[in-house]
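Each chain, written out:
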Amino acid sequence: MTYLIISILISSLLFVIFKLFDVFKINTSQAIVVNYLIAFLLGIHTSKKTVIILEISQQNWFTGAFILGILFILIFNVMGITAQKNGLAVASIAGKMSVVIPIILGVFLYNEQLETIKIIGILFALIAVYLASAKSDTKTISLKNLQYPILLFIGSGIIDASLKYMQSSTVSKNDVPLFLATIFGFAFIFGCFFMILEFIKGKLKIHWKNIVGGIALGIPNYYAMEFLLKALQTEGLESATVFTINNVSIVILTTVFALIFFKEKLIVKNWIGIIVAIISILVVASA
């Protein structure tokens, strides 16, 4: 449980960093690319194995890391489009509700048990995420505008489910840093492709503060992923429990950070969502 708590705390810190990007006018896209480079270097540094590039391509998890690297970049862009076209609330809901996918797959792939009490806790978690993310100016969404939220929902769920699958089938505990480094390395490479396109269009303007922002994001981003994988490897903790507690706790902490550090105001639905979220964590954790 310690690894999970640390992962939650660090993941919540990422929210604060993204908010600070707005304050300091940091280019998020450039910072994200730098962030992947930093995370890659941290993975290489943290790995206890001697890193030989040619040997990495021979690892059982190499193909999975390659695919996840692509997904990391693509889903980030989908998240941006969703936020622009449908609003931040919808983007948040679509991303967090994706916890359903790895939980359901955990039942079918790993024979994890979903007792009635745990199912109730998961349902509470989904309700909590929706209420905590609600905004007073949220508009009704037509079906034709749901394509990006659906892509975000599926993509985020696939990433979580893939991490769980790779962790349980091909990635040993000693390989976690190198596995993550490879994912982030591929994400950086594909991120550079996007930057090259920006350069060709004449829109690329690199500023030192974007690099600093990427470094500030990359360090906690790497460790959030490492501790999440370690939490998934902890005996006695099923993936349903890990993902539910992780996602809901992040919603709660980021809400607290928003209140304390950014003086954001919450509507009644948000407060109800926080209360329901706490109940869901207690229910799932005790199941």
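In what follows, the structure referred to is the one given above.
Residues numbered from 1 in each chain as written. Predicted model: local features only at pLDDT ≥ 70, side-chain atom pairs only at ≥ 80, totals over all residues. Heavy atoms only, no water.

Caption draft 1: Seen up close, helix H11 (residues 239–261). Taking 1.5 Å of rise per residue, the 23 residues of H11 would be expected to cover 33 Å, and the 32 Å separating its terminal C-alpha atoms lies within 8% of that figure. Of all 23 residues that make up H11, 18 are buried, and the element is covered over most of its length. Backbone geometry just after H11 places Lys263 at a positive phi near 55°. (Helix = DSSP H or I, 4+ residues; strand = E, 2+ residues; numbered from the N terminus. Expected span 1.5 Å × (residues − 1). Buried < 20%, exposed > 50% of the residue type's maximum accessible area, 1.4 Å probe, protein only.)

Caption draft 2: The arrangement of the pattern of salt bridges in detail. Enumeration according to the criterion identifies one salt bridge in this entry. Of the charged contacts in the structure, one is a salt bridge between Lys230 and Glu226, with a shortest N-O distance of 3.1 Å. Taken as a pair, Lys230 and Glu226 lie in helix H10 (residues 208–232) at a separation of four residues, close to a single helical turn. With a relative accessible area of 24%, Lys230 lands in the partly exposed category. (Salt bridge = Lys/Arg side-chain N within 4 Å of Asp/Glu carboxyl O.)

Caption draft 3: Inspection of the packing of helix H8 (residues 147–169) against H10 at higher detail. Packing of H8 against H10 brings their axes to within 10 Å, and their N-to-C directions diverge by 60°. It follows that H8 is oblique to H10 by the angle criterion. In the packing of H8 onto H10, the handedness of the crossing is right-handed. On the side of H8, the interface is formed by Leu163, Lys164 and Gln167, while H10 contributes Met225, Leu229 and Leu232. Here the residues of the contact of H8 with H10 are counted per class, giving four nonpolar, one polar and one charged. (Axes fitted to C-alpha atoms, helices over the stretch in contact; angles between N-to-C directions. Parallel < 35°, antiparallel > 145°, perpendicular 65-115°, else oblique. Left-handed = near helix turned anticlockwise from the far one by under 90°. Contact = heavy atoms within 4.5 Å. Nonpolar A, V, L, I, M, F, W, Y, C, P; charged D, E, K, R; others polar.)

Caption draft 4: Region of interest: the packing of helix H6 (residues 100–110) against H8. In the contact formed by H6 and H8, the axes pass within 8 Å of each other and the chain directions differ by 40°. The handedness of the crossing between H6 and H8 is right-handed. Contacts from Ile101, Pro102, Leu105 and Tyr110 in H6 reach Phe153, Ile154, Gly157, Ile158, Asp160, Ala161, Lys164, Tyr165 and Ser168 in H8. In the contact of H6 with H8, the residues fall into nine nonpolar, two polar and two charged.

Caption draft 5: Region of the structure containing a nonpolar patch on the surface. Taken together, the side chains of Leu74, Ile189, Phe193, Phe194, Ile196, Leu197, Phe199 and Ile200 present a nonpolar region at the surface, about 790 Å² in accessible area. Take the nonpolar patch: its biggest share by element is seven residues, from helix H9 (residues 176–200). Along the chain, Leu197 falls in helix H9. (Patch = residues over 30% accessible without salt bridge, like charges linked within 9 Å, V, L, I, M, F, W, Y side chains within 5 Å. Areas by Shrake-Rupley, 256 points an atom, 1.4 Å probe, with all protein chains shown as cover.)

Caption draft 6: View of the packing of aromatic side chains. Here the structure, examined in full by the defined rule, presents twelve aromatic pairs. Both rings, one in Tyr36 and one in Phe72, keep their centres 6.4 Å apart while their planes meet at 45°; by these two values the pair is tilted. You can see Tyr36 sitting in helix H2 (residues 28–46) and its partner Phe72 sitting in helix H4 (residues 62–86), a full 36 residues away along the chain. Overall, Phe72 belongs to the buried group, its relative accessible area being 12%. Between the aromatic rings of Trp61 and Phe179, the centroid separation amounts to 5.6 Å while the plane-to-plane angle is 75°, which identifies the pairing as edge-to-face. Separated by 118 residues along the polypeptide, Trp61 in the loop between helix H3 (53–56) and H4 and Phe179 in helix H9 bring together distant segments of the chain. Residue class for Phe179 comes out buried when judged on its relative accessible area of 0%. Following the ring pairs from residue to residue traces out a cluster consisting of Tyr3, Tyr36, Phe72, Phe184, Tyr222, Tyr223 and Phe227. (Phe/Tyr/Trp six-rings, centres within 6.5 Å; stacked < 30°, edge-to-face > 60°.)

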